[in-house]
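# Report on the structure
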Amino acid sequence: MENAKIEKAPVCRIVLLTEDASDVRLIVSMMETVRSAMDFTITPVARLQEATDLIAREPQDVALLDLRFGDARGLEGIDRFRRAAPGLPVLVLAESARDCTPALAAQHGAQDLLVKDRMDPYLLVRAVRYAAERRRFREALRSRLDKFVHFQSVLLDLSRQDAPDLDTSFRRFCEAAATTLDVERVSIWLLDETHSTLVSACVYTRSRHAFEKGARIQAKEYPRYFAALAETRVVTASRADQDPQTKELAEAYLKPLGIVSMMDVPIRLHGRLVGVLCHEHTGTPREWPLEEQDFGSSIADMAALSLEAGDRRRAQEELREERNFSAAVLESTGMMVVVLDPGA
């Protein structure tokens, strides 16, 4: 059985605002009894300025604030601390239930209220963990939202740009994708007339700001990779040299170019596979979250629309040339030409 990949939980950094040394010993001892459930560090401070200096120097995950803390006492103290450290979850410590209620603490922005004479290690660690996890979730959600907004801005900008030809469109798509996703190489490959070979129409290398084209990959040499392109929406591989979909490419393509991770998006036109948009990452392996897959799919759709527009321009140009030729023939004959409709 293969070893499962286990991600170690991050260390929870706790700042404890209290002047009472016995409270420090109490909190630390309680947390130590449940260290197996959550790894942590606790830094006690005796003044508000000490807390803000610590947070500025080393960001914290949770604050435990004693309601009787010296220069941030009572409910006003909660307000002062939250102004000094916006966004940091606050758990309020009260001597007894008479000092404060959970609802009142929540009105002042506290995540939870812990009463010292009713507190046990598991209640404490649960409150700390929930506060830290809520903050991480909120920050992750904000980060994803910011990324989504940025992706949409890039796509909108690309959609507004008029390109004189297909090569220019492909160059813009590849450069935009490489810059936005922080990828070393992005390329567009198109199937030839026999649908047996991928030919690179544009390969952008970000570190050199260079464009290339003309490389070829044959389907008969990489059947699993071509099957994945035909059957999936997005081919993702964090370890491309080991992934069943892409490991065929390792010796001839991935290793010579230093490619570690790949995200390849099939380009389809009228439901038919016509090419692929490749994102090739070097350095350390990376994952490809759904928002990045969606962004790549949107770029691939734009490439398909550009191909369709190119086909339409060629058809219009051929029709124009045919009409010009017919007009030239008529003018050169000097005779009346009658065209008969066989079906009439």
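Relevant structure appears above.
Worth saying up front: this structure is predicted, and the values here are computed from it rather than measured.

## What to know about the sheet that holds strand S4 (residues 90-94)
- Judged by pairing direction, the sheet is parallel, and its five strands sit side by side in the order S2-S1-S3-S4-S5 without closing on themselves. Every interior strand has two partners, whereas the edge strands, strand S2 (40-45) and strand S5 (112-115), have only one. Going across the sheet, the axis of each strand differs from the next one's by a mean of 25 degrees, ignoring polarity.
- Of the pairings in the sheet, the one linking strand S1 (residues 12-17) to strand S3 (residues 62-66) comprises four bridges and is parallel in character. The partner of Ile 14 across the bridge, within S3, is Val 62.
- Contacts between helix H2 (residues 48-57) and the sheet are confined to S1 and S2, with S2 contributing the most and set at about 145 degrees to the helix.
- In this fold helix H5 (residues 121-160) packs onto S1, S3, S4 and S5, with an angle of close to 130 degrees to the strand it touches most, S3.

## Some words on the side chain of Glu 280
- By secondary structure assignment, the location of Glu 280 is in strand S12 (residues 272-282).
- Taking the relative accessible area as the measure of exposure, Glu 280 reaches 0% and is therefore buried.
- For Glu 280, the contacting residues outside a window of four places in its chain are Val 183, Glu 184, Arg 185, Ser 187, Tyr 253, Ile 259, Ser 261 and Met 262.

## Focus: the pattern of salt bridges
- The tally for this structure, following the rule as stated, stands at 21 salt bridges.
- Its salt-bridge partner being Asp 182, residue Arg 206 comes within 2.5 Å of it at the nearest N-O pair. Residue Arg 206 is found in the loop between strand S7 (197-205) and strand S8 (210-212), and its partner Asp 182 is found in the loop between helix H6 (166-181) and strand S6 (185-191); the two are separated by 24 residues along the sequence.
- You can call Arg 206 partly exposed: its relative accessible area is 31%.
- What emerges from the salt-bridge pattern is a single network uniting Arg 144, Lys 147, Arg 286, Glu 291 and Glu 292.

Rules used in this analysis
Throughout, a residue's number is its position along its own chain's written sequence, starting from 1. Confidence filtering applies because this is a predicted model: local features only for residues at pLDDT of at least 70, side-chain atom pairs given and counted only at 80 or more, and all residues used for totals across whole chains, interfaces and linings. Computation of side-chain values: all heavy atoms of the structure, hydrogens and water removed. Following DSSP output, two strands are said to pair if at least two bridges run between them. Note on conventions: DSSP H or I runs of at least 4 residues are helices, E runs of at least 2 residues are strands, and numbering of each starts at the N terminus. In this description, a line fitted to the C-alpha atoms serves as the axis of each element, helices being fitted only across the stretch in contact, and the angle between N-to-C directions of two axes falls anywhere from 0 to 180 degrees. Contacts: residue pairs with any heavy atoms within 4.5 Å of one another. Here the term buried applies to any residue with accessible area under 20% of the maximum for its type, exposed to any over 50%, and partly exposed to those in between, with areas from a 1.4 Å probe on protein chains only. Salt bridge, as applied in this entry: a Lys or Arg side-chain nitrogen positioned within 4 Å of an Asp or Glu carboxyl oxygen.

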